[in-house]
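So you can see what is in the structure, the chains are spelled out below.
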Amino acid sequence: EDYHWWWRAFFTSACSSLYLFVYSIYYAYSKLQMARAVAGLVYVGYMMMVCTVFGLITGSLGFLAALLFTLQIYSVIKID
């Protein structure tokens, strides 16, 4: 049995936070007009925190969806 599906389900859906972070760096570089490096560091720091929380939320939702799907599939199997 593959019991590593838990982590795979979590990280697959949590990878959307990596996309969000990369896009926020691109947006800061291309659209924002930051005068000082401190403003850029504060922006990157806050976006890192936001993306971490977003990753935890989406990872948890992905894991719960996979868990409920797995429980539903195995509850239908009849063992005789």
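Please refer to the structure higher up on the page.
Computed from a prediction, not measured in an experiment: that's the story for all the values here.

## Remarks on the packing of aromatic side chains
Moving on, step 1. Counted by the stated rule, this structure contains 8 aromatic pairs.
Moving on, step 2. Measuring from centroid to centroid gives 6.4 Å for Trp 7 and Phe 10, while their planes differ by 85°, and the two rings are edge-to-face. Taken together, the residues Trp 7 and Phe 10, both in helix H1 (residues 5-30) and 3 residues apart, mark about one turn of the helix.
Moving on, step 3. According to the relative accessible area criterion, Trp 7 is exposed, its value standing at 56%.
Moving on, step 4. Look at Phe 10 and you get buried, because its relative accessible area is 18%.
Moving on, step 5. An angle of 45° between the planes, with centres 5.9 Å apart, marks the rings of Tyr 23 and Tyr 26 as tilted. With Tyr 23 and Tyr 26 both in helix H1, this residue pair falls 3 residues apart, about one helical turn.
Moving on, step 6. Each member of the aromatic cluster is reached from another via a ring pair, and the members are Trp 5, Trp 6 and Phe 63.

Calculation notes
- Residues numbered from 1 in each chain as written.
- Predicted model: local features only at pLDDT ≥ 70, side-chain atom pairs only at ≥ 80, totals over all residues.
- Heavy atoms only, no water.
- Phe/Tyr/Trp six-rings, centres within 6.5 Å; stacked < 30°, edge-to-face > 60°.
- Helix = DSSP H or I, 4+ residues; strand = E, 2+ residues; numbered from the N terminus.
- Buried < 20%, exposed > 50% of the residue type's maximum accessible area, 1.4 Å probe, protein only.

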